[in-house]
Structures are given as structure tokens and as C-alpha cells.
Amino acid sequence: MTTTTGTTTTAAATAAAAATSAGAGAGGEGARVRALTTRYRTYLSKGRASLGEMFGGDVEDSSDGAWLQTAAGRRILNCGGYGVFLMGARHPRVLAEVRRQLETNPVATRLLLEPEVVDAAEALVAVAPAGLQKVHFAGGGAEAVEAAIKLARAQGRRHLVSMEGGYHGKTMGALSVTAKDTFQAPFQPLLPGVSRVPYGDAGALESVLARHEGEACVIVEPVQGEAGVIVPPAGYLHQVQQLCRRYGALFVLDEIQTGLGRLGHWWGADAEGVRPDVLLVGKALSGGIVPVSAMVATAEAFRPFDKDPFIHTSTFSCNPLAMAAAKGALAAIGEDRLVERAAELGQLLRSEIERIARHVLGDRVLEVRGAGLLIGIEFTVPGMAGDLLLELIGAGVLGNHSLNSATVMRLTPPAILTPTDVTFLLDAFERAARAVLN
Ligand SMILES: Cc1ncc(COP(=O)(O)O)c(C=O)c1O
């Protein structure tokens, strides 16, 4: 991540100071953090250890709803987590499902029938755009992307079309359609037959599809999260759908970050009334408790996977514990009206954050944009996105950087924020914005 002053910023120092001064004795906690960092360096990676240090050396201890508690006793409002925590941490509905399953049958044999997986699939289909009715479950988001790529290939769609700035994960297939050269370069050659076109440009898409009639698979996000919250022009998804139909391409909509209410709709697809052939889901499907992702397809698109149960498998796919989490997450989103709350809260937060950002930072802010609770703040000053993220942590709010953009800081708050949480967030944002000017 880029900051204006490199990795040892004043903001990092502020965060570190806040971490220790709030804790139970700076000495004891400081020593514990140093030991933990050394073990990260020894057993995990130097890079990961440095990242932890850069973010002030806070140690996550526990989480509850919208809040994290650090080992030093700080409470941090979680508006980060890359979009996972739509319902906050340890939502009681998800916890209850997972606990029940943990005590009965957490991992199944995979030869006998097992009800949790059908319950989860049925619940997901019930909220998916009409016509999507077959589910393949996986673990992380990239695995769902892999499933979609293999599904496309199995039906002769061998030419992949992805979008500039698009992010779909980092396994070899997913990385082939993740449009960032620095992530791709060390691992070349990736999959052959991939075109990249500008996001939001239906004409560019058409010219590629016309050259690959009947053999293409288009993968696209409704709003590009990791590219820095890029919202396409109105009508774009509809054009993508039309072009896919016209040129016989498989239309894969990656809603791993945007789906399940994050945008203030159940799906980004809903905003334009499109129905992809394949929908990818992840992150919030976990309920923030057990990792799980899914590929949901029309019966027609799913055909190559329908008959042979061994064509694309993974040992822990469909494990009942993850299925229980998915079931709980889908129930919680519906019961707690989280989609509606994401829309309402998103509108309020976006306009307040824009007002504060413009007031404090003036033309250093290029744009505040987004949909629902996916909010991006783009800066004109290199490194300012990183600095603000660090200052925000110091002020008690966790945000996100953007993997495919150095100039955009993102906030992905949970849809369960109370009015007091909102006030805390906006105050912290204002303090952090003022601090980056020092
Ligand atoms: C749109 C999108 N697709 C795919 C992925 C990959 O998911 P994962 O990191 O769980 O593999 C992400 C992760 O950020 C994402 O935002």
C-alpha cells in the first residue's frame, strides 16, 4: 500500500501510540506485540509482519457486531474486512446455526445425503435473481470464479473477457481475469485466451465478442470494488447482457463483494434488472463466521456440471458447518432488513463523508462515490488514501485499501450501525481527515 511518506508514517505512529496508551501497560502489551510480530516474520511472512506493524501493531482479540476489541483494550469500529461483515461479527442468527451444526455434523462424508447443503442452496436460490437455480458451493471467492471458468470451458466458451480494473481473486484461473499486471507478472503464463476491455465500454466489449462468437465468457462486477469502487454508466450491465445473448457468450456476474445487500439491493443485478447466466457469491455469505462462496447458475448454463458429481469437486465444498453459516447469513439478511438498512445507511454515510471530505480536504478529494455500503474516496494526492486509512485506524475506525487502485480508500461498514456508531464514524473520519493534513 502506498502512503505519502512511505511505510513508517506519522499516522502509523499515532495508531501505535493509541494502541499502547489505551492498553494495560504500554510495556507488557508492547513486548507481546513485538513477540507476535517476530513470530509472524518467522512462521508466516516478512511482508505480513510489516503490514501489521504499519497498521500500528494492533492485535485483534475479539469481535462483536460492528466492533473489534484489541488486546490493548481499544475498541475499533469495523468498516473494513473487504466487504465480509455486512451483518457485523458473530451475528446471533449465524452463530446459532453454526453452533447447532458444530454439535451435530460439522463435516459430512460426501457420499450420503445431507440436508444442510440443500437448505443452503434452496435459501440462496430463493433470493437470487429469478431463473438462477443451480448452486455449486466452494470455499473462497476465487474458488467460485474457478468453477465459473471451468463451467464456461466445459461448454466450449474458451475465450475469457474481463474488464480493466476487474478483481476476481488470485488462484491461477481467477488471476488470469484479475486485471492487475503486478499480481499477474510473477505467475505468467496464466490462462491463454483472455481479453481485457475497458469497464463501462459496451462498444469495446462488442468488438471482442464479435471476434469470438459462440466461444466467449464475460466476467464482470456490477460495481468494481477493488478497482476503487468504480460505478459503471447506467444501463451498462443491461448492454453486457444483450451483447452476451447476441454473441452467444456466457454472462458471469461476479457479486462476491457486491452481492447480498452490500449495494443496497440484494444484487447489483437487481439495479438494472439483469439476469446473468452465472452469479458468483462470497464474502457476506459466510455470515462473517465460516468461509463459503457459491456459483449460482441457470439450469442451462449449469448443464456440464449437472450429471457428473466428480467433474469439479473439493473435499470441503458443501461442508455442513459452512452451509449452516450460509443459511444463517441469508436468514439474518432477510430478518434484519439488512438490504434496506444498507441502502438507507449508505445514502446517509456517503453524503456526510463527502461533505466532511470536501470541507476538510478540498480539492485533494477527487470524488466520493459508491452504492449502498460500498463507499470509495478517491484522492488527487498520491499516497493520501493510505495515509487516511492509517489515521482512521488511529481514530478508531478500520477501513480498506483497494487492491487495484492506490488512490482510493474504501469503507465497507456493516448494515447494523446504530446512530451512535454513525456519529462515531463521522467524527473519526473528520479527525483522520484533519490529521492527514499535518
Ligand atoms: C469481486 C471479487 N471477486 C472475487 C474475489 C476473490 O475472493 P477471495 O479473496 O475470497 O478469493 C474478490 C475479493 O476481494 C472480489 O472482490
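Keep in mind that what you see is a predicted model, and the values were worked out from it rather than measured.

A. Focus on the environment of Arg 153. Position of Arg 153 among the secondary structure elements: in helix H6 (residues 141–154). Classification of Arg 153 as partly exposed rests on a count of 18 C-beta atoms within 10 Å. Residues Arg 153 and Cys 217, spaced 64 residues apart in sequence, show a C-alpha to C-alpha distance of 8.5 Å.

B. Geometry of the packing of helix H5 (residues 115–127) against helix H13 (residues 320–335). Two elements in contact, H5 and H13, have axes whose closest approach is 8 Å; the angle formed by their N-to-C orientations is 30°. Regarding the angle of H5 to H13, the classification is roughly parallel. Between H5 and H13 lies a crossing whose hand is left-handed. For the pair formed by H5 and H13, the contact residues are Glu 116, Val 117, Asp 119, Ala 120, Ala 123, Leu 124 and Val 127 on the first element and Pro 320, Met 323, Ala 324, Ala 326, Lys 327 and Leu 330 on the second. Among the residues forming the contact of H5 with H13, the class breakdown is 10 nonpolar, no polar and 3 charged.

C. Representation of the site of the ligand in the model. Residues in contact with the ligand amount to 15 residues; listed here are only the nearest, Gly 140, Gly 141, Ala 142, Gly 169 and Gln 257. For the shell around the ligand, the leading source of residues is H6, giving 3 residues. Residues belonging to the shell around the ligand are distributed by class as follows: 5 nonpolar, 7 polar and 3 charged.

D. Focus on the sheet that holds strand E13 (residues 397–398). On the basis of which strands lie adjacent, the open sheet formed by 4 strands has the order E1-E2-E3-E13 and mixed pairing. Looking at strand neighbours, the two that pair on one side only are strand E1 (60–64) and E13, the edges of this open sheet. In the sheet, strand E2 (residues 67–70) pairs with strand E3 (residues 75–78) via 3 bridges, with the strands oriented antiparallel. Residue pairing for E3: Trp 67 is matched across the bridge by Leu 77.

E. Structural context of the sheet that holds strand E12 (residues 374–379). Reading across from one edge, E11-E12-E15-E14 is the order of the 4 strands in this open sheet, with antiparallel pairing throughout. Each of the sheet's edge strands pairs with one partner strand only, and the pair in question is strand E11 (365–371) and strand E14 (400–402). Taken over all neighbouring pairs, the strand axes of this sheet differ in orientation by 30° on average, direction set aside. Bridge count for E14 against strand E15 (residues 405–411) is 2 bridges, and the pairing is antiparallel. Within E15, the residue paired with Ser 402 across the bridge is Ser 405. The strands that helix H15 (residues 384–394) touches are E12, E14 and E15; relative to E15, the one it contacts most, it runs at about 30°.

F. Layout of the domain arrangement of the protein. Split by domain assignment, the protein resolves into domain 1 (10–87 + 338–436) and domain 2 (92–335). Listed by partner, the interface residues are 27 residues for domain 1 and 27 residues for domain 2. Put simply, the parts of the chain that give the side of domain 1 that touches domain 2 at least two residues each are helix H14 (338–361), E11, E12 and E15. In terms of residue count, the dominant contributor to the side of domain 1 that touches domain 2 is H14 (5 residues). When its residues are assigned to classes, the side of domain 1 that touches domain 2 shows 15 nonpolar, 9 polar and 3 charged.

G. Highlighting the environment of Gly 140. Along the polypeptide, Gly 140 turns up in the loop between strand E4 (134–138) and H6. What makes Gly 140 partly exposed here is the crowd of 19 C-beta atoms within 10 Å. Expressed as a C-alpha distance, the spacing of Gly 140 and Ser 293, which sit 153 residues apart in the sequence, is 5.5 Å. With residues near it in sequence (within four places) discarded, Gly 140 still touches Gly 282, Pro 291 and Ser 293.

H. Fine view of the nonpolar core. Within the largest apolar cluster, 130 residues are counted, with the highest numbers of intra-cluster contacts made by Ala 148, Val 218, Leu 280 and Ala 325. Per-element tally for this core: the top contributor is H13, with 10 residues. Two domains each put at least three residues into this core: domain 1 (10–87 + 338–436) and domain 2 (92–335). If we ignore the near neighbours within four places in the chain, the residues touching Leu 280 are Ala 144, Val 145, Ala 148, Val 252, Leu 253, Asp 254, Glu 255, Ile 256 and Met 295.

I. Molecular detail of H14. Every buried residue of H14 is listed here: Leu 338, Val 339, Arg 341, Ala 342, Leu 345, Gly 346, Leu 349, Arg 350, Ile 353, Ile 356 and Ala 357. Residues of H14 that are buried make contact with H13, E11, E12 and helix H16 (419–436). Downstream of H14 by one or two residues, Gly 362 has phi in the positive range, about 55°.

J. H15, seen in detail. Counting buried positions along H15 gives 11 out of 11 residues, so the element sits mostly inside the fold. Within H15 the residues assigned to the buried category are Met 384, Ala 385, Gly 386, Asp 387, Leu 388, Leu 389, Leu 390, Glu 391, Leu 392, Ile 393 and Gly 394. Among the residues trailing H15, Gly 396 stands out with phi positive, at a value near 100°.

K. Layout of the environment of Leu 338. Here Leu 338 is to be found in helix H14. Between the C-alpha atom of Leu 338 and that of Ala 123, which follows or precedes it by 215 residues, the distance is 16 Å. Those residues in contact with Leu 338, other than ones at most four positions away along the chain, are Leu 86, Met 87, Gly 261, Ala 332, Ile 333 and Ala 415.

Reading guide: rules and limits
Residues numbered from 1 in each chain as written. Predicted model: local features only at pLDDT ≥ 70, side-chain atom pairs only at ≥ 80, totals over all residues. Helix = DSSP H or I, 4+ residues; strand = E, 2+ residues; numbered from the N terminus. Buried ≥ 20, exposed ≤ 12 C-beta atoms within 10 Å, placed from the backbone. Axes fitted to C-alpha atoms, helices over the stretch in contact; angles between N-to-C directions. Parallel < 35°, antiparallel > 145°, perpendicular 65-115°, else oblique. Left-handed = near helix turned anticlockwise from the far one by under 90°. Contact = placed C-beta atoms within 7 Å. Nonpolar A, V, L, I, M, F, W, Y, C, P; charged D, E, K, R; others polar. Near = placed C-beta within 6 Å. Pairing = 2+ DSSP bridges. Domains from an automatic or database assignment. Core = buried A, V, L, I, M, F, W, Y, C linked by C-beta atoms within 7 Å.

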